[in-house]
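Breakdown of the fold
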Amino acid sequence: MAEQIDLYQLVKQFHEKYELQPDPSKLKLQQARIIHLQEELAEYIKAIKSNDRAEQLDALIDIIYIALGTAYYENFKFNEAFQAVHNVNMKKIRKATERSEWDVVKPEGWTPADLKEFI
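First, a word on scope: everything that follows refers to the structure included in this document. The residue numbering used here restarts from 1 in each chain and proceeds along that chain's sequence as written. Predicted model: local features are reported for residues with pLDDT of at least 70 only, side-chain atom pairs are reported and counted for 80 or more only, and whole-chain, interface and lining totals are derived from all residues. Side-chain descriptors were evaluated using all non-hydrogen atoms of the structure, hydrogens and water having been removed beforehand.

1. Things to note about helix α2 (residues 27-49)
Formally: Only DSSP runs of H or I with at least four residues qualify as helices, and only runs of E with at least two residues qualify as strands; both kinds are numbered from the N terminus onward. Between the first and last residue of a helix there are one fewer steps than residues, each counted as 1.5 Å, and that sum is the expected span. Three exposure classes are used, based on accessible area relative to the maximum for each residue type with a 1.4 Å probe and protein chains only: buried under 20%, partly exposed in between, and exposed over 50%. Between two residues, a contact is recorded if the distance between any of their heavy atoms is within 4.5 Å.
Counted at 1.5 Å a residue, the expected span for α2 with its 23 residues is 33 Å, and the 33 Å between its end C-alpha atoms agrees. Buried within α2 we find Arg 33, Glu 40 and Ala 47. Of the surrounding secondary structure, the elements contacted by the buried residues of α2 are α1 (7-17) and α3 (53-73). Of the residues flanking the end of α2, it is Asn 51, one or two places downstream, whose phi is positive at about 55°.

2. Concerning the nonpolar core
Basically, it comes down to this: For this analysis, a nonpolar core means a set of buried residues of the types Ala, Val, Leu, Ile, Met, Phe, Trp, Tyr and Cys, connected via side-chain atoms within 4.5 Å.
With six residues, the main nonpolar core is built from Tyr 8, Val 11, Leu 68, Ala 71, Tyr 72 and Tyr 73. Those elements giving two or more residues to this core turn out to be α1 and α3. At four residues, the largest contribution of residues to this core is made by α3. Other than its neighbours up to four places away in sequence, Ala 71 contacts Tyr 8, Phe 76 and Phe 78.

3. Observations regarding unusual backbone geometry
The phi dihedral of Asn 51 falls on the positive side, at around 55°, and the residue is not glycine. Among the structural elements, Asn 51 can be located in the loop between α2 and α3. Despite not being glycine, Asn 75 has its phi angle at roughly 60°, a positive value.

4. Some details on a negative patch on the surface
Note the following rule: Residues enter a patch when their relative accessible area is above 30% and they make no salt bridge; the linking distance is 9 Å between like charges and 5 Å between nonpolar side chains (Val, Leu, Ile, Met, Phe, Trp, Tyr). All accessible areas in this document rest on Shrake-Rupley with a 1.4 Å probe, and a residue is counted as covered only by the protein chains that are shown. For this analysis, a salt bridge means a side-chain nitrogen from Lys or Arg found within 4 Å of a carboxyl oxygen belonging to Asp or Glu. Charge convention: Lys and Arg are scored as positive, Asp and Glu as negative, and His as well as the terminal groups of each chain are ignored. Each charge is placed at NZ for Lys, CZ for Arg, CG for Asp and CD for Glu.
On the surface, Glu 39, Glu 43, Asp 52, Glu 55 and Asp 58 cluster together to form a negatively charged patch. Elements with a contribution of two residues or more to the negative patch: α2 and α3.

5. Thoughts on the side chain of Asp 103
Selection rule: N or O atoms closer than or at 3.5 Å make up a polar contact, with two conditions inside protein: a donor-capable atom paired with an acceptor-capable one, and, for residues adjacent in sequence, both atoms drawn from side chains.
One can find Asp 103 in the loop between β1 (93-94) and β2 (104-105). By relative accessible area, Asp 103 is classed as buried at 10%. Engagement of the side chain of Asp 103 in a polar contact is seen with the side chain of Arg 99, the distance being 2.7 Å. When near neighbours in sequence (up to four residues on either side) are disregarded, Asp 103 contacts Ile 93, Arg 94, Lys 95 and Thr 97.

These results come straight from atomic positions and should not be treated as a statement about function.
Spelled out as structure tokens, the structure:
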């Protein structure tokens, strides 16, 4: 079995190396992160259209890297919050919907994770 990697810690290490400090109060920083995410999503779409699997993978990694970096800037307790969301997501059910035949949806009585303690 492969060694587990803590992706959030790796991204945190990157941001600390370049002295990019958490600061959830900076609206300009949040706006810049949104632009970065949109650019990477566009790259992913382009890679799918050109059937470039390596570029698809690169774009997905960049999306995750930016998303985790954004969680770092926001000073969220990301790993704990992710685990809480994962736990409730595991209670969802697979069901074809208008969106997709591969959708996974909330069943009757499903309750979302309370993430307030991770902010």
